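Overview (structure and organization)
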Amino acid sequence: MSDSGTKALPKTIIALGLEGSANKLGVGIVKHIYADGIPADAELVPEVVELSNVRDTYNPPAGEGFLPRDVAAHHRSVIIPLLKKAFEEAKITHKDLDCICYTKGPGMGAPLQSVALVARTLSQLWKVPLVGVNHCVGHIEMGRAITGAQNPVVLYVSGGNTQVIAYSQQTYRIFGETLDIAIGNCLDRFARVLKLPNDPSPGYNIEQYAKRGSKFIELPYTVKGMDVSFSGILSFIEKIAKTESGKHTPEDLCYSLQENMFAMLVEITERAMAHIGSNEVLVVGGVGCNVRLQEMMGQMAKERGGKVFATDMRYCIDNGIMIAQAGALAFARGFTTSIDDSWITQRFRTDQVHVEWRT
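Right, let's walk through the structure included here. (Residues numbered from 1 in each chain as written. Predicted model: local features only at pLDDT ≥ 70, side-chain atom pairs only at ≥ 80, totals over all residues. Heavy atoms only, no water.)

1. Things to note about the nonpolar core
Of all hydrophobic cores here, the largest spans 41 residues; its most connected members are Ile183, Phe190, Phe230 and Leu293. Going through the elements one at a time, strand S6 (153-157), helix H4 (183-193), helix H5 (202-211), helix H6 (231-243), helix H7 (250-276), strand S11 (280-284) and helix H8 (291-303) are the ones with two or more residues in this core. Ranked by residues supplied to this core, first place goes to H7 with 11 residues. Not counting residues within four places of it along the chain, the set of residues in contact with isoleucine 183 comprises Val157, Ser158, Thr162, Phe230, Met261, Phe262, Leu265 and Val287. Core analysis: the next-biggest nonpolar cluster, separate from the first, contains 37 residues, Cys136, Met142, Tyr167 and Phe309 among them. (Core = buried A, V, L, I, M, F, W, Y, C linked by side-chain atoms within 4.5 Å. Buried < 20%, exposed > 50% of the residue type's maximum accessible area, 1.4 Å probe, protein only. Helix = DSSP H or I, 4+ residues; strand = E, 2+ residues; numbered from the N terminus. Contact = heavy atoms within 4.5 Å.)

Structure (structure tokens):
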């Protein structure tokens, strides 16, 4: 209600989101509806309407990783058709947009730059405000919107990040993280050792192999306080795969790698839950699609009288609508990015963002 006692007018924000921090290019459009207007001093909880969420993936040959320059070339070649498809699905035009949101970081430099250039250009052409978004916060906000998790400990696991996060005082605070490589990077690199296909993703193909494995091979278990380390585990299992291939099947190797690393993640996540007194876990990021990880996390949460929240491949894998989601929330609080500040950065920590839309 306003000071005069009249009801506030409804407010709608339509945001375009562009994500291209790694090998997936995503374009998404979201509509936020505030039936009673945008509250001045309360947490923003709009009605979220997904208008479109399209994606295209760069897949190198089996056994190979992707180079930043090749990924950037892919993004440049498909972004215009993808934009057209997103607007067609949303049944709107650029004139309906309130803001254009893009991934400011973290991620791979060349792909980030190619997408930021498009966002910057569209902002000036269409005269629509620009909003730079932290990739990690995009994952978290999309996960919260889709699952309805209230105050979860967040496990963010992807090709470039591994973090245990909890919200406090308008900041997503990092309780624990990888000390070297991300869990997704570890899985991807081991998939290359086994020469597994990159389509739909190396991690997905390791998951399928692991389902057929049954013999557990003991691997290093590296938890240091609230942090984890995966590089030594990768070196250890790579050596086994190359020197003892006759003793162990690829399926057993994948099974053992998953079980070992997922147990490490469950341990530090449970410790964070105990510390903040939460009984919810939200799993986000590309590795969060892994059914076995969800099972293990769910079992731990159940034993604590809690619950695990996760999304499917539409939202856990990098996508444009998560950038639109986080950007629209920031925009509702008056945040915009000037053209002069529309640079990208490969290092942009989750806890560097002022989460002004939460209380």
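Let us keep going from here.
2. Brief notes about the pattern of salt bridges
By the definition in use, this model includes 12 salt bridges. For arginine 144, the salt bridge is made with glutamate 43, and the minimal N-O distance between the two is 3.0 Å. Residue arginine 144 is located in helix H3 (residues 135-147), and its partner glutamate 43 is located in the loop between strand S2 (24-34) and strand S3 (47-57); the two are separated by 101 residues in the primary sequence. The buried category is assigned to arginine 144, whose relative accessible area is 15%. Given a relative accessible area of 24%, glutamate 43 falls into the partly exposed group. Between glutamate 141 and arginine 144 there is a salt bridge; the shortest N-O distance is 2.6 Å. Of the two residues, glutamate 141 and arginine 144 are both situated in helix H3; the distance of 3 residues between them amounts to about one turn of the helix. (Salt bridge = Lys/Arg side-chain N within 4 Å of Asp/Glu carboxyl O.)

3. A closer look at empty space enclosed by the protein
According to the stated counting rule, one finds 1 cavity of 30 Å³ or more in the structure shown. Of the pockets and cavities examined, the largest cavity occupies roughly 40 Å³. Along its surface, the largest cavity is lined by His139, Met142, Gly143, Val284, Gly285, Thr311, Tyr315 and Cys316. Listed by contribution, the elements that provide at least two residues to the lining of the largest cavity are H3 and helix H9 (313-316). It is H3 that provides the largest number of residues to the lining of the largest cavity, a total of 3 residues. Here the lining of the largest cavity is built from residues that sort into 4 nonpolar, 4 polar and no charged. (1 Å grid on protein atoms, 1.4 Å probe; cavity = no way out; pocket = protein on both sides within 12 Å on 5 of 7 lines; lining within 4 Å. Points joined across faces, edges and corners; volume = space filled by probe spheres on them. Nonpolar A, V, L, I, M, F, W, Y, C, P; charged D, E, K, R; others polar.)

4. Digging into the packing of H4 against H5
Running from amino to carboxyl end, H4 crosses H5 at an angle of 70°, the nearest separation of the two axes being 8 Å. Put simply, H4 runs roughly perpendicular to H5. Contact residues: H4 offers Leu187, Asp188, Phe190 and Ala191, while H5 offers Pro202, Gly203 and Ile206. Taken together, the residues that form the contact of H4 with H5 break down as 5 nonpolar, 1 polar and 1 charged. (Axes fitted to C-alpha atoms, helices over the stretch in contact; angles between N-to-C directions. Parallel < 35°, antiparallel > 145°, perpendicular 65-115°, else oblique.)

5. Details of the sheet that holds S11
Read from one edge to the other, the open sheet built from 5 strands follows the order S8-S7-S6-S11-S12, with strand pairing classed as mixed. Of all the strands in the sheet, just strand S8 (171-177) and strand S12 (307-310) have a single pairing partner and so form its edges. If you compare each strand with its neighbour and ignore which way they point, the axes differ by 25° on average. Inspection of the sheet shows strand S7 (residues 162-168) paired to S8 by 6 bridges, in the antiparallel sense. By the bridge assignment for S8, serine 168 is matched with threonine 171. Its contacts with the sheet place H3 against S6, S7, S8, S11 and S12, and it is angled at close to 125° to S11. Along the sheet face, H7 touches S6, S7, S8 and S11 and points at about 155° away from the line of S6. (Pairing = 2+ DSSP bridges.)

6. A look at the pairing of strand S1 (residues 11-19)
Most of S1 is tucked away: 7 of the 9 residues are buried. Between the end of S1 and the start of S2, which pair antiparallel, lie 4 residues.

7. What about the side chain of asparagine 319?
The topology assignment puts asparagine 319 in the loop between H9 and helix H10 (320-332). By relative accessible area, asparagine 319 is classed as buried at 1%. A polar atom in the side chain of asparagine 319 sits 2.9 Å from the backbone oxygen of tyrosine 315. Reaching out from asparagine 319, the side chain makes a polar contact with the backbone oxygen of isoleucine 317 at a distance of 2.8 Å. With residues near it in sequence (within four places) discarded, asparagine 319 still touches Glu19, Gly26, Asn53, Arg55 and Arg314. (Polar contact = N/O pair within 3.5 Å; in protein donor to acceptor, adjacent residues only side chain to side chain.)

8. Side note on the state of the cysteines
Per the counting criterion, the structure on display carries 1 disulfide. The side chain of cysteine 289 participates in a disulfide bridge whose partner is cysteine 316; the two sulfur atoms lie 1.8 Å from each other. Between cysteine 289 and cysteine 316, the S-S torsion sits near 65°, and that sign places the bridge as right-handed. Highlighted residues: cysteine 289 in the loop between S11 and H8 and cysteine 316 in helix H9, separated in sequence by 27 residues. Here cysteine 136 stays unpaired: no disulfide links it, and the sulfur of cysteine 316, its closest cysteine neighbor, is 15 Å away. Judged by relative accessible area, cysteine 136 falls into the buried class, the value being 1%. Residue cysteine 186 stays outside any disulfide, its sulfur separated by 11 Å from that of cysteine 254, the closest cysteine. (Disulfide = S-S within 2.5 Å.)

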